[in-house]
Amino acid sequence: MAEREPMPVILCWHMHQPEYRDLRNGHYQFPWTYLHALKDYVDMAAHLEAEPAARAVVNFAPVLLEQIADYAEQLGAHLASGAPVSDPLLAALAEPALPVGVEERAHLVKQCLRVNRQRVIDRFAAFGRLAAIADWVVANPDALRYVDNQFLADLLVWYHLGWIAETERRRDARVQRLQDKAHGFSVHDRRELLDVLRGMLASVLPRYRALAEAGRVELAMSPHAHPILPLLLDLRAGQQTEPEAPQPEVDEYPGGAERARWHLRHGREAFRRHLGVEAHGCWPSEGALSVPALAAIADEGFQWVASGGSVLANSRGTDEPQHGAHGPCRHRVYRVADIGVDCFFRDDGLSDLIGFTYSGWHADDAVANFVHHLENIAAGCASPGECAISIVLDGENAWEYYPENGFHFLEALYRRLARHEQLRLDTFSGFRARCGARAQLPGLKAGSWVYGTLSTWIGSPDKNRGWEMLVDAKRAYDEAVAAGRLAPELRERATQQLAVCEGSDWFWWFGDYNPGQSVSDFERLYRLHLGNLYRLLGVEPPGYLSDVFTRGGGDPALGGVMRSAAAPGGAA
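Thresholds applied
- Starting afresh in each chain, residues are numbered from 1 along the sequence in its written order.
- A pLDDT threshold of at least 70 governs which residues receive local features in this predicted model, and a stricter bar of 80 or more applies before side-chain atom pairs are shown or counted, although totals over entire chains, interfaces and linings include all residues.
- The basis for every side-chain value is the complete set of non-hydrogen atoms in the structure, without hydrogens or water.
- A run of H or I in DSSP becomes a helix once it reaches four residues, and a run of E becomes a strand once it reaches two; helices and strands are each numbered from the N terminus.
- As defined in this context, the radius of gyration uses C-alpha atoms, and a globule is described by 2.2 Å times the residue total to the power 0.38.
- Here the term buried applies to any residue with accessible area under 20% of the maximum for its type, exposed to any over 50%, and partly exposed to those in between, with areas from a 1.4 Å probe on protein chains only.
- Here, residues are in contact when the closest pair of their heavy atoms is within 4.5 Å.
- Working definition of accessibility: Shrake-Rupley area with a 1.4 Å probe, residue cover restricted to the visible protein chains.
- Whenever two N or O atoms come within 3.5 Å, that pair is a polar contact, provided that in protein one can donate a hydrogen and the other can accept it, and provided that, for residues adjacent in sequence, both atoms are side-chain atoms.
- Summarising the geometry, the arc corresponds to the directions from the helix axis toward the C-beta atoms.
- Side-chain rings of Phe, Tyr and Trp (the six-membered ring for Trp) are treated as a pair once their centres are within 6.5 Å; stacked means planes under 30 degrees apart, edge-to-face means over 60, and tilted covers the remaining angles.
- Every angle, taken between N-to-C directions, lies between 0 and 180 degrees, and every axis is a line fitted to C-alpha atoms, over only the stretch in contact when it is a helix.
- An angle below 35 degrees is read as roughly parallel, one above 145 as roughly antiparallel, one from 65 to 115 as roughly perpendicular, and any other as oblique.
- Classification convention: Asp, Glu, Lys, Arg as charged; Ala, Val, Leu, Ile, Met, Phe, Trp, Tyr, Cys, Pro as nonpolar; all other residues, Gly among them, as polar.
- Put simply, a nonpolar core is a bunch of buried Ala, Val, Leu, Ile, Met, Phe, Trp, Tyr and Cys residues held in one set by side-chain atoms that sit within 4.5 Å of each other.
- What counts as a salt bridge is simple: a side-chain nitrogen of Lys or Arg found within 4 Å of a carboxyl oxygen of Asp or Glu.

What follows deals with the overall build of the protein. If you tally the helices and strands in the protein, you get 22 helices and 12 strands. In terms of overall dimensions, the protein is globule-like: its C-alpha atoms have a radius of gyration of 24 Å, near the 25 Å expected for 572 residues. Across its three principal directions, the C-alpha atoms of the protein cover 75 × 60 × 45 Å. In the protein, which comprises 572 residues, the share counted as buried stands at 60%. For the protein, contacts bridging at least 24 residues in sequence account for 78% of all contacts bridging at least 6. Of the roughly 21,600 Å² of accessible surface on the protein, 50% is carried by carbon and sulfur atoms.

See below:
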């Protein structure tokens, strides 16, 4: 009996944050880009560096790359010459003088509590004591008049220590010294920590570039500012899976095809500029695909795309189990009609196990369970050389819920898979080069990796209102361009600002099922971005931009930053 070929396993980690800068002045409204860079992007690179036989795909949204590079440049300039830092939280750590206003101090204290309490804050006794005081201060804000600067300094230092990558925490003696000191941090301590952060931020993009050049990682991209391509191209695309869902009171997104091309082309330019390599593959924002979106991606020269397994199931019109002993193996590479781009569809169940389940398990048990699932799929696959198990998920938000930022899980996962005899870590491009057969799909139902639908971004009153506001702004942009009112430099700035408004994240958070603080943050930032666009166009912003139009009050899993592929109420 001939020896079976190992089953390819492709791990794809998607990294993205929206544009948090106010593009009028470059000031960051929220710190999530640099905090995730310090914790998650650094750790993922380090785990891949530590296991030479590991292979993975890492996908970046280009708007995220631009912000990472900006942060690294700003911190370098600050430490070299005292240049200002445009992120308020980072500036509070960097500047010797701490805020004095009660409102400003209260905001700072609240921000330093926005991290996982169990896995991050309570892990460190000193941080836990500070957080207990901070909780009382938040409940009694007048007490801030009597809270001294040492409390604020210690809270700031511990908050940033909590966001340090676990691999760096174990390696850097400066981080260990600060943790051991525990309290009473001086201006010198804060500056030393700032230098640690600068080095980490400056290392992120070069490390991934080096891994790519060594053939150990494939780097891929999403459209520039992370828009939902199917909705830019057809605002009614969501009705393919939810025909009864309410729709915006506009029929289309004007010029959507041109905007989709802009995000793909401009994204490739930014990707090449920051990472120094060409992107051959595209994880479309949120894995959202449709036939027109797939054709646009193919027209821009991408060789592969990936999406959710539920999109494949909807398109095939079958209720077959995702990986069972009956019927053909689903883990193939597909072509849709005559569109010349390879389509991979992730294993939703296995991807969601990493995203939502294994954080509560012992790392060895989680990896053993995961590998067992992979082995079962491989054993039931008649032609493993033509199939690949695709695991695609958010590469940044899950790890906050794991002990020690997922250190033990990721270390064991890469080690186990890199040495497995029946499984082989691969990349999408690597697999494509060896696979000769493609399965055919006659069509593709528009959907995403969330529920297999587009309902996370359209089809409810608040989300629909967001689209109506965006269409108003796009019409104002089109009128200004057609009238020739914008000089070339101003038109470029307006086009960049429009792209930011087209991002998916704003619509993700609109809706009362999301946490109130997150909805408030993103709703306000969306209105700020739209207002900035009108100002660039020389048009008075509409009065409705002064009104809050969506509020949250829900308590979704993992704070709403990730969602399972399964429909609400269903199993992953």
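Before going further, it helps to spend a moment on the side chain of Asp 348. Looking at the secondary structure, you find Asp 348 in helix α15 (residues 348-357). In terms of polar contacts, Asp 348 uses its side chain to reach the backbone amide nitrogen of Gly 309, at 3.1 Å. At 2.8 Å, the side chain of Asp 348 and the backbone nitrogen of Ser 310 are in polar contact.

Let us now look at helix α9 (residues 173-181). Along α9, the positions that sit buried rather than exposed are Val 175, Leu 178 and Gln 179. Seen end-on, α9 carries its buried residues on one side only, within an arc spanning 100°. More than 90 degrees from the buried face of α9, the exposed residues found are Ala 173 and Asp 180. For α9, the elements touching its buried residues are α7 (149-162), α8 (166-171) and α10 (187-213).

As a further point, take the packing of aromatic side chains. The tally for this structure, following the rule as stated, stands at 34 aromatic pairs. For the pair Phe 510 and Phe 549, a centre-to-centre distance of 4.9 Å together with 75° between the ring planes defines the contact as edge-to-face. A residue pair is termed long-range when its members are at least 10 positions apart, and Phe 510 in the loop between α21 (505-509) and α22 (516-537) and Phe 549 in the segment after α22 qualify at 39 residues. This pair shows no difference in class: Phe 510 is buried, exactly as Phe 549 is. Three or more aromatic residues joined by ring pairs form one cluster here, namely Tyr 20, Phe 30, Tyr 253, Trp 467, Trp 506, Phe 507, Trp 509, Phe 510, Phe 522, Tyr 526 and Phe 549.

This part is about the packing of helix α1 (residues 32-50) against helix α2 (residues 62-81). As a packed pair, α1 and α2 sit with axes 10 Å apart at the nearest point and diverge in direction by 90°. Relative to α2, the element α1 lies roughly perpendicular. Two secondary-structure elements touch here, α1 through Thr 33, Tyr 34 and Tyr 41 and α2 through Leu 64, Gln 67, Ile 68 and Tyr 71. Residue composition of the contact of α1 with α2, grouped by class: five nonpolar, two polar and no charged.

A negative phi angle is the norm for most residues apart from glycine, just as the trans form is the norm for most peptide bonds. Located in the positive-phi region is Ala 337, a residue other than glycine, with phi close to 50°. Its location among the elements puts Ala 337 in the loop between β8 (334-336) and β9 (342-345). The backbone phi angle of Tyr 451 is positive, close to 65°, even though this residue is not glycine. Within the secondary structure, Tyr 451 sits in the loop between β12 (439-441) and α19 (461-482).

All right, on to the nonpolar core then. Within soluble globular proteins, side chains that are nonpolar generally end up buried alongside one another. With 199 residues, the main nonpolar core has Trp 13, Tyr 208, Leu 219, Phe 409 and Tyr 414 as its most contacted residues. Beyond its immediate chain neighbours, meaning those up to four positions away, Tyr 208 contacts Met 15, Tyr 41, Met 44, Ala 45, Val 58, Phe 60 and Leu 219.

With that settled, consider the pattern of salt bridges. Considering all chains together, one arrives at 37 salt bridges under this definition. Between Glu 168 and Arg 171 there is a salt bridge, with the nearest N and O atoms lying 2.4 Å from each other. Within this pair, Glu 168 and its partner Arg 171 are both found in helix α8, separated by three residues, close to a single helical turn. On the basis of relative accessibility, which here comes to 10%, the residue Glu 168 falls in the buried class. Looking at Arg 171, the relative accessible area reads 56%, which means it is exposed. Between Asp 195 and Arg 198 there is a salt bridge, and its shortest N-O distance comes to 3.1 Å. Taken together, the residues span about one helical turn, with Asp 195 and Arg 198 both in helix α10 at a distance of three residues. Owing to a relative accessible area of 27%, Arg 198 belongs among the partly exposed residues under this scheme.

These figures come from the coordinates and say nothing about function on their own.
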